[in-house]
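Single-letter residue listing:
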Amino acid sequence: MQTSSRSGVFYALSAFVLWAITPIYFKEMSFLPATEILSHRIIWSCLIVLVLILILGYGKALKAVIQSPKTLMAMAVSTVLIAINWGTFIWAVQNDQMLSASLGYYINPLISILLGVIFFKDKLDRVRKVAVLLCFGAVAFEVIKFGSLPWVALSLAISFGFYGLVRKKVAVDSFTGMAVETGILLPFSLIYLMLTNSSSVNIFDNSTTTNLLLFAAGPVTMIPLMCFAAAANRVSMVTLGFFQYIGPTGMFILAVFLYSEPLSIDKLITFILIWAALTMLVFDSIRRLRNTRAKNVLQKSQETP
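Residues numbered from 1 in each chain as written. Predicted model: local features only at pLDDT ≥ 70, side-chain atom pairs only at ≥ 80, totals over all residues. Heavy atoms only, no water.

Draft legend 1. Geometry of the layout of surface pockets. What the second largest pocket holds in volume is close to 170 Å³. In terms of lining, the second largest pocket is formed by Q97, S100, E142, F146, S148, L149, P150, W151, V152, A153 and K267. For the lining of the second largest pocket, the element with the most residues is helix α7 (residues 151-170), which contributes three residues. Residues belonging to the lining of the second largest pocket are distributed by class as follows: six nonpolar, three polar and two charged. (1 Å grid on protein atoms, 1.4 Å probe; cavity = no way out; pocket = protein on both sides within 12 Å on 5 of 7 lines; lining within 4 Å. Points joined across faces, edges and corners; volume = space filled by probe spheres on them. Helix = DSSP H or I, 4+ residues; strand = E, 2+ residues; numbered from the N terminus. Nonpolar A, V, L, I, M, F, W, Y, C, P; charged D, E, K, R; others polar.)

Draft legend 2. View of the side chain of R41. For R41, the location among the structural elements is in helix α2 (residues 34-56). For the buried R41, which has no salt bridge, the nearest side chain bearing the opposite charge is E181, at an N-O separation of 11 Å. At 2.7 Å, the side chain of R41 and the side chain of T221 are in polar contact. Non-local contacts of R41, meaning those with residues more than four positions away in its chain, are made with F26, W86, I90, A217 and T221. (Buried < 20%, exposed > 50% of the residue type's maximum accessible area, 1.4 Å probe, protein only. Lys, Arg positive; Asp, Glu negative; His and termini not counted. Salt bridge = Lys/Arg side-chain N within 4 Å of Asp/Glu carboxyl O. Polar contact = N/O pair within 3.5 Å; in protein donor to acceptor, adjacent residues only side chain to side chain. Contact = heavy atoms within 4.5 Å.)

Draft legend 3. Structural view of the pattern of salt bridges. Going through the model one piece at a time under the given rule, you end up with six salt bridges. Where D284 meets R128, a salt bridge forms, and the shortest distance between an N and an O atom there is 2.7 Å. Within this pair, whereas D284 is found in helix α13 (residues 265-303), its partner R128 is found in helix α6 (residues 126-146), the two being separated by 156 residues in sequence. The class for D284 is buried, based on a relative accessible area of 3%. When the shortest N-O distance is used, the salt bridge between R167 and E181 registers 3.0 Å. Separated by 14 residues along the polypeptide, R167 in helix α7 and E181 in helix α8 (residues 174-195) bring together distant segments of the chain. The burial state of R167 is the same as that of E181; both residues are buried. Each of D125, R128, D284 and R287 takes part in salt bridges that share partners, so that together they form one network.

Draft legend 4. How the structure looks around the side chain of K27. Within the secondary structure, K27 sits in helix α1 (residues 2-28). Of note is the side chain of K27, whose polar atom sits 2.8 Å from the backbone oxygen of V93. Filtering out sequence-adjacent residues up to four positions away, K27 remains in contact with V93, D96, M98 and Y259.

Here it is, written out as structure tokens:
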């Protein structure tokens, strides 16, 4: 059990660190339009995940989803949401909006809390109420100071928040879900590449480096997902929750220190408000976890004759 937990932590770290440095890849691909990169990401991810499904024996699960109109309809909704999320993220990285992307993924847990209240009737305790209010305060500050909504951050946070909501309701595993989603998007990606006038569409005219970078869109998507799936089977979702801030933190560091995106005092105040909210959530989660463990220990001691 301890070995399984250690390997789970390793897989979780691997997944979130890889997601944290993913912007480096998309930055290298800035010589191509975001829509073209998105199309290649869908195509190569679809091919890789189909191979993985055959190897790992997820064929029955995939068939079950395809044969269920209700599940397939829900997956169509999640497909639109993940396409919006991926496309917005690639565009943000290419257009020096990595700080906004980082902010979006910091906001995401707070959006998830709100969705839990709306759709699952979750109760907000005092800590979560304050955290959500700080999130609203950060967005309001952006609007007042910059005169517009932080649409990149909100698009990423809301699309991924609703994506998680839909996937939670349909309860489809990661590989099967990715196969269905990329499968739905595959025809649109192929049609786009056939109609676009981009000089890199014909892979036979490209350099080897360009083709390797295009193909890498698949592994860049699938390897972190595989690590995350492996981690989810070995550690609790609470533990995984502590790792989720690695991604946006990595993006923030890359944006400021590697790509020199301007971090004004006003922008920093927005981040500080969000960081304060997330810090409250982390400490509250640790407190809850300790209380749960203490209750379990007490219960076991009382059950022991």
